[in-house]
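Coordinates in review
Now for the letters of each chain:
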Amino acid sequence: MTNTAFTVREMRETDLPTCLEFTQQVKWPHRMGDWQLHFSQGNGSIIENAQGDIVGCILWWDYGDEYATVGLVVVPAHMQGNGLGRKLMDTVMSQTGERSLQLVATVAGKRLYQQCGFTEAALIYQVQGQLAGAVEPLSSDAGIKPLDTNNLADIITIDAAAYGCSRASLLTAVAQQGKGLVAYRDGKAVGYAMLRTSGHGQTLGPVLADDDDTAKALISQVLASETGFIRFDLTERAKGIQPWLESLGLAQVDEVSLMVKGEFLPARASGSHIYSLVSQAFG
């Protein structure tokens, strides 16, 4: 069957239950709330067969004229082999124009993305588990304050410096869903951490900090009153704190490829470092 029998249209909110079913089929941990967050911030496309049935989905997130991320690319198992993944990727690459693109690739999807011109830029480590007990709050030479509407602009500023683009809308939406902390040194924001309900429990990300001690202080203090399942999507920068995370009961369960088409914007940034992503899709 050729992909000429299929059509692509804009994703609608009424499509989300079907998209959720697709991610459940491939055993991704998304909840409806996760899909709603990703949809509200993104540009989605749906692929349908001649009968009008949804047979695939994709989303991308616009962070300005230079940069976007791609994710939640799913074609159900019984429809694979029809070129639908490539049709969805071609749609996004047409919509995003000259922007540099980033995505996190599963093993199954890596070959498709390579064919679309993506190359591996870094590794992402999925670290998760049930907290082993109460987390001891650590300190650093930075002062740490709760994230609120008064200092949200501070984290937007340091995030833009680390990523090379503004993610103001995304960070505002994530802040509204959970809680966070901001680290200050000499009156200047140097890091932050955000925690929200997601997947099998809670996701801790993004986490940005100017050094490992500040990252650990932010993480320990935001988790100090928490119990249950926690997930991180760690960058290579966070490898130094991974043994400490393991002592909390959080173990590495997967290693995936961060792939880019065009320039990898965070590679040219300076200041605070990216320790943990918002999600593999958002980056």
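Quick caveat: nothing in here was measured; it's all calculated off a predicted structure.

What counts, and where the lines are drawn
Residues numbered from 1 in each chain as written. Predicted model: local features only at pLDDT ≥ 70, side-chain atom pairs only at ≥ 80, totals over all residues. Heavy atoms only, no water. Helix = DSSP H or I, 4+ residues; strand = E, 2+ residues; numbered from the N terminus. Rg over C-alpha atoms; globule rule 2.2 N^0.38 Å. Buried < 20%, exposed > 50% of the residue type's maximum accessible area, 1.4 Å probe, protein only. Contact = heavy atoms within 4.5 Å. Areas by Shrake-Rupley, 256 points an atom, 1.4 Å probe, with all protein chains shown as cover. Pairing = 2+ DSSP bridges. Polar contact = N/O pair within 3.5 Å; in protein donor to acceptor, adjacent residues only side chain to side chain. 1 Å grid on protein atoms, 1.4 Å probe; cavity = no way out; pocket = protein on both sides within 12 Å on 5 of 7 lines; lining within 4 Å. Points joined across faces, edges and corners; volume = space filled by probe spheres on them. Nonpolar A, V, L, I, M, F, W, Y, C, P; charged D, E, K, R; others polar. Salt bridge = Lys/Arg side-chain N within 4 Å of Asp/Glu carboxyl O. Expected span 1.5 Å × (residues − 1). Phe/Tyr/Trp six-rings, centres within 6.5 Å; stacked < 30°, edge-to-face > 60°. Lys NZ or Arg CZ within 6 Å of the ring centre and 35° of its normal. Core = buried A, V, L, I, M, F, W, Y, C linked by side-chain atoms within 4.5 Å.

This brings us to the overall build of the protein. The secondary structure content of the protein amounts to eight helices and 13 strands. The C-alpha atoms of the protein give 19 Å as radius of gyration, which agrees with the globular expectation for 283 residues (19 Å, within 12%). For the protein, the spread of C-alpha atoms along the three principal axes comes to 60 × 35 × 30 Å. Burial analysis of the protein (283 residues in total) assigns 54% to the buried set. Contacts spanning at least 24 positions in sequence make up 72% of the contacts within the protein whose residues lie at least 6 apart. Approximately 12200 Å² of the protein is accessible, and the part contributed by carbon and sulfur atoms is 47%.

Let us now look at the pairing of strand β2 (residues 43–48). Burial within β2 is extensive, with five of its six residues counted as buried. Bridge analysis of strand β1 (residues 7–10) against β2 gives four bridges, and the strand direction is antiparallel. Bridge assignment links R9 to a residue of β2, and that residue is I46. In the sheet, β2 pairs with strand β3 (residues 54–62) via six bridges, with the strands oriented antiparallel. In the strand pairing of β3, G44 is matched with L59. Two successive antiparallel strands, β2 and β3, enclose a turn made up of five residues, where G52 displays a positive phi of approximately 85°.

The subject of this paragraph is the side chain of R167. Secondary-structure assignment places R167 in the loop between α5 (152–163) and α6 (168–177). Side-chain polar atoms of R167 contact the side chain of D159, separated by 2.8 Å. If we skip the residues at most four places from it in the chain, R167 touches Y63, D159, Y192, P206, V278, F282 and G283.

Looking now at the layout of surface pockets. Quantified by volume, the largest pocket comes out at close to 1100 Å³. Around the largest pocket, the lining is made up of 48 residues, and of these W28, V73, V74, T106 and Y113 lie nearest the centre. A per-class count over the lining of the largest pocket returns 20 nonpolar, 20 polar and eight charged. Taken as a whole, the second largest pocket encloses approximately 330 Å³ of empty space. If you go around the second largest pocket, you meet 19 residues; those closest to its centre are T235, R237, F264, P266 and I274. Residues of the lining of the second largest pocket, tallied by class, amount to twelve nonpolar, five polar and two charged.

The next subject is the environment of A175. Here A175 is to be found in helix α6. Expressed as a C-alpha distance, the spacing of A175 and L195, which sit 20 residues apart in the sequence, is 8.4 Å. Those residues in contact with A175 that lie beyond four places of it in its chain are L147, L152 and M194.

Another aspect to go through is the pattern of salt bridges. A side chain of one charge can pair with a side chain of the opposite charge if their charged atoms are brought near each other. Here the structure, examined in full by the defined rule, presents eleven salt bridges. For R185, the salt bridge goes to D141, with nearest N and O atoms at 2.7 Å. Here D141 lies in the loop between β6 (119–130) and β7 (143–146) and R185 lies in strand β8 (residues 179–185), a separation of 44 residues in the sequence. Linked through salt bridges whose partners overlap, the residues forming this network are D141, R185, D210 and D211.

Between the first and last C-alpha of helix α3 (residues 84–96) there are 18 Å, a value that for 13 residues agrees with the 18 Å anticipated at 1.5 Å per step. All of the buried residues along α3 are L84, G85, L88, M89, T91, V92, M93 and T96. Looking one or two residues past α3, G97 carries a phi angle of roughly 65°, positive in sign.

As enumerated under the stated definition, the model contains three aromatic pairs in all. Ring geometry for Y63 versus Y67: centroids 6.0 Å apart, planes at 40°, classification tilted. Each member of the pair Y63 and Y67 is classed as buried. Judged by centre distance (6.3 Å) and plane angle (65°), the ring pair of Y113 and F118 falls under edge-to-face. The residues Y113 and F118 share a single accessibility class, namely buried. Between the NZ or CZ atom of K145 and the centre of the ring of Y184, over which it lies, the distance is 5.0 Å.

Let's shift gears to the nonpolar core. If you look at the biggest cluster of nonpolar residues, it comprises 46 residues, and the most contacted ones within it are M11, W35, C57 and I155. No other element matches the six residues that α5 contributes to this core. Not counting the four nearest positions on each side in its chain, W35 is found in contact with M11, L16, C19, L20, T23, H30, C57, L59 and L72.

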